[in-house]
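Listed here are the chains, written in short residue letters.
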Amino acid sequence: MGLFDQILGSVAGSQEAGGMGQLIGIANTINQISNSTGADTSTIQSVLSVVGKQVHSSLQQKQADQGMEIVESLVNQFAGTNPDSEAVDSLFSSSTQQQVSEVAAERTGLDPALIQQLLPTLVPLVLNFLQAGGNPLLTQFLDADGDGDVDITDAIQLASRFLGK
């Protein structure tokens, strides 16, 4: 198999970590959240960005305290597109959950209580993105805005373009 075929396979393999199907699932979930809350997708992406930064901080702390194996285990256990309150509780204290909701509310204008209700959906999405980011070819490809930093917004923009939305 040639390099081009490997690249296409790594991007298109929906069952593999980093597959386009995984990213499209994330984008579809964001669209569903947008539809159910009445907020536009860019607002939900902003909330997801705030949540993502806190997930990043939490995972860094867990890595420092307990090691990389624990972090990988958490990501593998809780990554997905389905709500999971255990994912939120495993990464955030209740005060951190409230703080994340308030920061996201300040940035977006959404009700902090609504954002707190969305955390069980948003945290697994961020973890799902981290699984998607594990593919180095895809990571480079996902830097949609060319800033050298692949974040959840880059992935959603790419998947949304793929879906034609």
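The rules behind each value
- In this numbering scheme, every chain counts its residues from 1 along its sequence in written order.
- Selection of residues for local features in this predicted model requires a pLDDT of at least 70, selection of side-chain atom pairs for listing and counting requires 80 or more, and totals for whole chains, interfaces and linings are taken over all residues.
- Only heavy atoms go into the side-chain values, all of them from the structure, while hydrogens and water stay out.
- Only buried residues count toward a nonpolar core. Its members are Ala, Val, Leu, Ile, Met, Phe, Trp, Tyr and Cys residues joined through side-chain atoms within 4.5 Å.
- Here the term buried applies to any residue with accessible area under 20% of the maximum for its type, exposed to any over 50%, and partly exposed to those in between, with areas from a 1.4 Å probe on protein chains only.
- Numbering of helices and strands runs from the N terminus, with a helix taken as a DSSP run of H or I at least four residues long and a strand as a DSSP run of E at least two residues long.
- We call two residues in contact whenever any of their non-hydrogen atoms come within 4.5 Å of each other.
- Nitrogen and oxygen atoms within 3.5 Å of one another constitute a polar contact, given that in protein one can donate a hydrogen and the other can accept it, and given that sequence-neighbouring residues count only through two side-chain atoms.
- To get an axis, fit a line to the C-alpha atoms, keeping to the stretch in contact for a helix; angles then go from 0 to 180 degrees between the N-to-C directions.
- Roughly parallel means an angle under 35 degrees; roughly antiparallel means over 145; roughly perpendicular covers 65 to 115; every other angle is labelled oblique.
- Note that Gly is not counted as nonpolar here; it falls among the polar residues with everything else outside the nonpolar set of Ala, Val, Leu, Ile, Met, Phe, Trp, Tyr, Cys and Pro and the charged set of Asp, Glu, Lys and Arg.
- Helices are assigned an expected span. That span is 1.5 Å times one less than the residue count.
- For every residue, the predictor assigns a confidence score, pLDDT, that lies between 0 and 100.

**A word on the nonpolar core**
Moving on, step 1. Val51, Val55, Leu59, Leu91, Leu122, Val123 and Leu127 are the most contacted members of the largest nonpolar core, which has 33 residues in total.
Moving on, step 2. Broken down by element, this core gets its largest block of residues, nine residues, from helix H7 (residues 112-132).
Moving on, step 3. With near-sequence residues (within four places) excluded, Leu91 lies in contact with Val55, Ser58, Leu59, Lys62, Leu74, Val123 and Leu127.

**With respect to the side chain of Ser101**
Moving on, step 1. Relative to the helices and strands, Ser101 resides in helix H6 (residues 94-108).
Moving on, step 2. Among the polar contacts listed, one links the side chain of Ser101 to the backbone nitrogen of Gln116, at a separation of 3.4 Å.
Moving on, step 3. Among all residues touching Ser101, those that are not within four sequence positions of it are Pro112, Ile115, Gln116 and Leu119.

**Focus: the packing of helix H3 (residues 41-66) against helix H4 (residues 68-78)**
Moving on, step 1. At a minimum axis separation of 7 Å, H3 and H4 run at an interaxial angle of 140 degrees. On the basis of their axis angle, the class for H3 and H4 is oblique. Facing H3, whose interface residues are Leu59, Lys62, Gln63 and Gln66, H4 presents Met68, Ile70, Val71, Leu74 and Val75.
Moving on, step 2. Looking at the contact of H3 with H4, its residues break down into six nonpolar, two polar and one charged.

**Section: H6**
Moving on, step 1. The end-to-end C-alpha separation of H6 is 21 Å, in line with the 21 Å expected for 15 residues at 1.5 Å each.
Moving on, step 2. Taken residue by residue, H6 has Thr96, Gln97, Val100, Ser101, Ala104 and Ala105 as its buried positions.
Moving on, step 3. Residue Gly109 follows H6 closely and has a positive phi angle near 85 degrees.

**Quick look at the confidence of the model for the chain**
Moving on, step 1. Per-residue confidence for the chain gives a mean pLDDT of 78; residues scoring 70 or more make up 67%.
Moving on, step 2. Mean pLDDT values for the elements of the chain range from 44 in helix H1 (residues 3-12) up to 97 in helix H5 (residues 85-91).
Moving on, step 3. Every residue in residues 1-8 scores below 50 in pLDDT, and together they form three contacts with partners more than four places removed in sequence or on other chains.

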